[in-house]
Amino acid sequence: MYKLVMIRHGQSAWNLENRFSGWADVDLSEQGVAEAREAGRLLKEAGFTFNLAHTSYLKRAVRTLWHVQDAMDLMWVPVVTDWRLNERHYGALTGLNKAETAAKYGNEQVHVWRRSYDTPPPALEAGTTSFADDDRYKGIDVPLTECLKDTVARVLPYWHDVLAPAIRAGHNVLMAAHGNSMRALVKYFDGISDDDIAELNIPNGIPLVYEFDADMKPVKHYYLGDQAEIEAKMAAVANQGKAK
Ligand SMILES: O=C(O)[C@@H](CO)OP(=O)(O)O
């Protein structure tokens, strides 16, 4: 039986302020650090171990991974970073407060921007993004916005070409990523329809375990931790996009 453990980063400074983050490189809040460390403790207690880690180019995911590794006494594990695990690019919404945006454009519109499969948020104007000038994105066709479909288009090749072969080769892989890069993978693993994926929210800092059969077909998945707390965290993520 093969396994992948994924974790969405712990609470970030902009999750705390309820701002759209996307590719903005925001760090963890104090709560986010505590969530990451607790996730590591839980994983260790449950007997998990890893010998390979993958994460995005964004420090909230990288630092979450570091804290999990530290809490598990696995700082030696090789870490691969790749932009394809980044949060989806939030276009012109990046940095805006989600509740204020909902008050301005309506809850329904913000829900479409946040959760529809194929309607991207308004794009940044070409030339206004600093991401394209960033060293880490050299040689990458940096998007100006992304819907989940666009995110799927970069995350799935990473799964097929990098993660799945590593798992099949016998690695115990831990992946630290983001709400929407994980939604992209979960959609594929569980065959969730374009409509139904709109209702799926990933909680911060909770390990999500997927088990696969010999053909890498997902057979089971579960979150590690207190299930009532996890449900509450998912509902809180869903509610972030509503006007106060
Ligand atoms: O702001 C973001 O980049 C993401 C994740 O934090 O938010 P949302 O849940 O609204 O897609």
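These figures come from a predicted structure and were not determined experimentally.

Q: Break down the sheet that holds strand β2 (residues 52–55) for me, citing the residues and quoting the values.
A: Across the sheet, which stays open at both edges, the six strands sit in the order β3-β2-β4-β1-β5-β6 with mixed pairing between neighbours. Unpaired on one side and paired on the other, β3 (79–81) and β6 (218–223) mark the two borders of the sheet. Each strand axis lies, on average, 20° off the axis of its neighbour in the sheet, ignoring direction. Sheet analysis places β2 next to β3, joined by three bridges and oriented parallel. Each bridged residue has a counterpart across the sheet, and for Ala 53 the counterpart in β3 is Val 79.

Q: Describe the site of the ligand, and please don't skip the residues or the numbers.
A: Looking at the ligand, the residues that line it are Arg 8, Asn 15, Arg 19, Phe 20, Ser 21, Gly 22, Glu 87, Tyr 90, Lys 98, Arg 114, Arg 115 and Asn 180. A distance of 2.6 Å separates an oxygen atom of the ligand from a polar side-chain atom of Tyr 90. When the ligand sits alone it has 320 Å² of accessible area, and the protein chains cover 99% of it. Tallied by class, the residues present in the shell around the ligand amount to two nonpolar, four polar and six charged.

Q: Now, about the nonpolar core: what can you tell me, with residues and values included?
A: Leu 4, Met 6, Trp 159, Met 175, Leu 185 and Phe 189 are the most contacted members of the largest nonpolar core, which has 34 residues in total. For this core, the elements supplying multiple residues, two or more each, are β1 (2–8), α6 (148–168), β4 (173–177), α7 (179–190), β5 (207–212) and α8 (227–239). When residues no more than four places from it in sequence are discounted, the contact partners of Met 6 are Met 175, Met 182, Leu 185, Val 186, Phe 189, Ile 206, Pro 207, Leu 208 and Tyr 210. If you look at the next biggest cluster of nonpolar residues, it comprises 17 residues, including Ala 39, Phe 48, Leu 65 and Ala 176.

Q: With reference to specific residues and values, describe helix α5 (residues 107–115).
A: Here α5 has its buried residues at Val 110, Trp 113, Arg 114 and Arg 115. Buried residues of α5, viewed axially, fall in a sector of 165°; they line one side. The secondary structure elements touched by the buried residues of α5 are α4 (98–105), α7 and α8.

Q: Explain α4 residue by residue, including any values.
A: For α4, the full list of buried residues reads Lys 98, Ala 99, Thr 101 and Ala 102. One side of α4 holds all its buried residues, which, seen down the axis, span an arc of 160°. With respect to the buried face of α4, the exposed residues turned more than 90 degrees away are Glu 100, Ala 103 and Lys 104. Against the buried residues of α4 lie α5.

Q: Please set out the environment of Lys 233 residue by residue, giving values where relevant.
A: Summarising the element assignment, Lys 233 is placed in helix α8. Residues Lys 233 and Ile 206, spaced 27 residues apart in sequence, show a C-alpha to C-alpha distance of 9.5 Å. Polar side-chain contacts of Lys 233 include one of 2.9 Å to the backbone oxygen of Asn 204.

Q: I'd like a description of the packing of aromatic side chains, backed by residues and values.
A: As enumerated under the stated definition, the model contains 12 aromatic pairs in all. Each ring, one from Trp 159 and one from Phe 189, has its centre 4.8 Å from the other, and the planes form 75°; the classification is edge-to-face. Of this pair, Trp 159 sits in helix α6 while Phe 189 sits in helix α7, and the two are 30 residues apart along the sequence. An identical accessibility class is assigned to Trp 159 and Phe 189; each is buried. Both rings, one in Tyr 188 and one in Phe 189, keep their centres 6.1 Å apart while their planes meet at 50°; by these two values the pair is tilted. Judged by its relative accessible area of 39%, Tyr 188 is partly exposed.

Q: Describe the confidence of the model for the chain, naming the residues involved and giving the relevant values.
A: Per-chain confidence: the chain averages 97 in pLDDT, with 100% of residues scoring 70 or above. In the model of the chain, α8 stands out as the element of lowest mean pLDDT, 96, in contrast to β2, which has the highest, 99.

Q: Tell me about the pairing of β6, residues and numbers included.
A: Pairing between β5 and β6: five bridges, direction antiparallel. Looking at the pairing, Leu 208 lines up with Tyr 223 of β6. Hairpin connection, β5 to β6: the antiparallel pair is bridged by five residues, and Met 216 has positive phi, about 65°.

What counts and what doesn't
Residues numbered from 1 in each chain as written. Predicted model: local features only at pLDDT ≥ 70, side-chain atom pairs only at ≥ 80, totals over all residues. Heavy atoms only, no water. Pairing = 2+ DSSP bridges. Helix = DSSP H or I, 4+ residues; strand = E, 2+ residues; numbered from the N terminus. Axes fitted to C-alpha atoms, helices over the stretch in contact; angles between N-to-C directions. Near = heavy atom within 4 Å. Polar contact = N/O pair within 3.5 Å; in protein donor to acceptor, adjacent residues only side chain to side chain. Areas by Shrake-Rupley, 256 points an atom, 1.4 Å probe, with all protein chains shown as cover. Nonpolar A, V, L, I, M, F, W, Y, C, P; charged D, E, K, R; others polar. Core = buried A, V, L, I, M, F, W, Y, C linked by side-chain atoms within 4.5 Å. Buried < 20%, exposed > 50% of the residue type's maximum accessible area, 1.4 Å probe, protein only. Contact = heavy atoms within 4.5 Å. Arc of directions from axis to C-beta. Phe/Tyr/Trp six-rings, centres within 6.5 Å; stacked < 30°, edge-to-face > 60°. pLDDT = per-residue confidence, 0-100.

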